[in-house]
Structures are given as structure tokens and as C-alpha cells.
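What follows is each chain in one-letter form.
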Amino acid sequence: MYDVIIPAAGMGKRMQANKNKVLLELSGKTILEHTLQAFQDDNNCRAIHLAAQSEELEMFRTFALQYHKLDVITEGGSERQYSIYNVLKAIKPCEYVFVHDAARPFVTRETLQKLYAAVQLRKSAIAAVKVKDTIKRVHGTEVKGTLNRDELWQIQTPQAFEYHTLLAAYEKAERDQFLGTDDASLVERIEKVSIVESDYDNIKLTTPEDMYFAEAILKKRGII
């Protein structure tokens, strides 16, 4: 089985909300509750671990009344990477660890199952979708080239790893003072990482406009 780490300590300034964006509501539930539910319902998930702001620790602990898999809630750091490392060091060693964005509430059971199967075979696997648009390399305002779209993927979460692989990657990043853009960027420095194709609904809610897309996804799923 796997444990999932969900960093929820960011303020999400781009959302322009007056509180942590994962506490904004969608169809009567907070964004975080939608995210928690996906892992609560997955039989392969053993435990859910949150990283939270110090002033929100007690409030987040109340979620454990509804989501019994919610186990360790750890104070987050100044960067997402530090928050995840804090949790990784706090939890009991397990076989596999998923890392998932708190503000990505639409991950499907199919994606979770595909990731779990892949990580057992390949040690490291991350959710992604193929890039739809043409991507150009630009310096200033001058186009320097067009990238091969067939080789480009838009990376999402969850990202799944063997526990000891992820821990070793974080320990190396700490030694090297390396700050990555996601967990895979740390693991890529020591191991190969594989892609698992996800779906385009698995969006991260970052700006106010994303909330309109979120409502459209809920309507499509018959939730509202």
C-alpha cells in the first residue's frame, strides 16, 4: 500500500482569496475535502499526511473526524519542498509514497490505480498529460526555436515513489542545497522517472478563473 503526502501550507496568492485557497468551497465542500476524499476512497491508500500552516494545524486535525485515513499533520516550511520533507521525516517508513497537490481535487480512481501499478514496477512514476499547444523557446521577445510537441508532457500530481527512493532524493537535495520544481525533479537526480498518462480534468486550482473550470468539471461528473 502507499501513504500520500498532501502539502497544504501555501497561501495561494494568485487565487486572490483572503484565506488558504484549499479552504474555498466547491459544491458544499472545501477544495481540500474533495482532494482528501479521492484518497479516502482508494483501497490502496494506507494513510494521508498533511503539511499545514502552524495556525491551521488544529483546524486541519478536525478533518480526521470525517477522513479516518488522515494521520500525521505536520507544520509546513517556507517552500513546498521543505513542507514535504518535514512530513517525509515525520511519518513511519512505508513501501510507497504519493505526493499530491491539495489544490488538485479532481484526480480519478483510474489515475491512482495506474500510478500504483506503475510505481511497483518502476520505482518512480508521475501523472502527466500530453501538451496540446505548440511550445516555442523564446529569449526576450525573440523566438529561438519550436520544440517537438511529441516529446513534451504537462506534469501533474500525484507523483509516486518508493519511500526510500524519495527520502534519498530529498536528503541529497538538502546536502546540495537544490530546490526543485516538483518531487520528480529531485528524484531525477538519482533515479529514472516514468510517465503515467492522466487526464485533462486533473487541474490545479491556482487563479480565480480556475474555479469556473472546477464548476464545469463537477457538472460534467454530475456532482452539481
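To be clear, the structure that these remarks concern was listed above.
Structural notes, computed from the coordinates.

Procedures and definitions
Residues numbered from 1 in each chain as written. Predicted model: local features only at pLDDT ≥ 70, side-chain atom pairs only at ≥ 80, totals over all residues. Heavy atoms only, no water. Phe/Tyr/Trp six-rings, centres within 6.5 Å; stacked < 30°, edge-to-face > 60°. Helix = DSSP H or I, 4+ residues; strand = E, 2+ residues; numbered from the N terminus. Buried < 20%, exposed > 50% of the residue type's maximum accessible area, 1.4 Å probe, protein only. Lys NZ or Arg CZ within 6 Å of the ring centre and 35° of its normal. Core = buried A, V, L, I, M, F, W, Y, C linked by side-chain atoms within 4.5 Å. Contact = heavy atoms within 4.5 Å. Axes fitted to C-alpha atoms, helices over the stretch in contact; angles between N-to-C directions. Parallel < 35°, antiparallel > 145°, perpendicular 65-115°, else oblique. Left-handed = near helix turned anticlockwise from the far one by under 90°. Nonpolar A, V, L, I, M, F, W, Y, C, P; charged D, E, K, R; others polar. 1 Å grid on protein atoms, 1.4 Å probe; cavity = no way out; pocket = protein on both sides within 12 Å on 5 of 7 lines; lining within 4 Å. Points joined across faces, edges and corners; volume = space filled by probe spheres on them. Salt bridge = Lys/Arg side-chain N within 4 Å of Asp/Glu carboxyl O. Pairing = 2+ DSSP bridges.

### What about the packing of aromatic side chains?
- One pass over the structure, following the stated rule, counts six aromatic pairs.
- Aromatic pair Y85 and Y170: ring centres 5.5 Å apart, planes at 20°, arrangement stacked. With a gap of 85 residues between them, Y85 in helix 3 (residues 80–90) and Y170 in helix 5 (residues 163–176) connect regions that are remote in the sequence. For the residue pair Y85 and Y170, the accessibility class agrees, reading buried in each case.
- Pairwise contacts between aromatic rings join Y2, F39, Y96, F98 and Y116 into one cluster.
- Over the face of the ring belonging to Y200 we find K132, whose NZ or CZ atom lies 4.1 Å from the ring centre.
- Over the aromatic face of F178 sits the side chain of R189, whose NZ or CZ is 4.2 Å from the ring centroid.

### Side note on the nonpolar core
- Counting residues in hydrophobic clusters, the biggest one holds 34 residues, and the most contacted among them are Y2, F39, L50, F60 and F98.
- Elements represented by at least two residues in this core include exactly strand 1 (2–7), helix 1 (31–40), strand 4 (45–52), helix 2 (57–61), strand 5 (70–75), strand 6 (96–99), helix 4 (109–122) and strand 7 (124–130).
- Looking at this core, the element that brings in the most residues is helix 4, giving five residues.
- Not counting residues within four places of it along the chain, the set of residues in contact with F39 comprises Y2, V4, I6, C45, I48, K69, F98, H100, V107, L112 and P158.
- Listed in part, the 21 residues of the second largest apolar core include I84, V87, F161 and L186.

### Observations regarding the environment of N86
- If you trace the backbone, N86 turns up in helix 3.
- On the basis of relative accessible area, N86 is assigned to the partly exposed category, the value being 26%.
- Placed 35 residues apart in sequence, N86 and A51 show a C-alpha to C-alpha distance of 7.8 Å.
- Those residues in contact with N86 that sit more than four places away from it in its chain are T74, E75, G76 and G77.

### Considering helix 1
- With nine of its ten residues buried, helix 1 lies for the most part within the structure.
- Taken residue by residue, helix 1 has I31, L32, E33, H34, T35, L36, A38, F39 and Q40 as its buried positions.

### Description of the packing of helix 3 against helix 5
- At a closest axis distance of 11 Å, the pairing of helix 3 and helix 5 adopts a crossing angle of 130°. Viewed along their axes, helix 3 and helix 5 adopt a mutual orientation that is oblique. Note that helix 3 runs across helix 5; the crossing there is left-handed. Between helix 3 and helix 5, the residues in contact are Q81, I84, Y85 and L88 and Y163, L166, L167, Y170, E171, A173 and E174, respectively.
- When grouped by side-chain class, the residues that make up the contact of helix 3 with helix 5 number eight nonpolar, one polar and two charged.

### Concerning the layout of surface pockets
- The space that makes up the largest pocket amounts to roughly 540 Å³.
- For the largest pocket, the lining is made up of 21 residues, of which G10, M11, G12, R80 and K204 are closest to its centre.
- Across the lining of the largest pocket, the residue classes tally to seven nonpolar, seven polar and seven charged.
- Each pocket or cavity is described by its volume, and for the second largest pocket that value is around 260 Å³.

### What about the pattern of salt bridges?
- Taken as a whole, this structure holds nine salt bridges when the rule is applied.
- E58 is the partner of R61 in a salt bridge, and the nearest nitrogen-oxygen pair spans 2.4 Å. Placement of both R61 and E58 in helix 2 is noted, with a separation of three residues, approximately one turn of the helix.
- The salt bridge involving K220 is made with D201; its shortest N-O contact spans 2.5 Å. Here D201 lies in the loop between strand 11 (194–197) and helix 7 (208–220) and K220 lies in helix 7, a separation of 19 residues in the sequence.

### Some thoughts on the pairing of strand 7
- With six of seven residues buried, strand 7 lies mostly within the body of the structure.
- The pairing of strand 7 with strand 10 (residues 153–162) spans six bridges and is antiparallel. Across the sheet, residue I126 finds its bridge partner in strand 10, namely Q159.
- As paired elements, strand 7 and strand 11 share four bridges and run parallel to each other. By the bridge assignment, A125 is partnered in strand 11 with S194.

The analysis is restricted to geometry; functional conclusions fall outside its scope.
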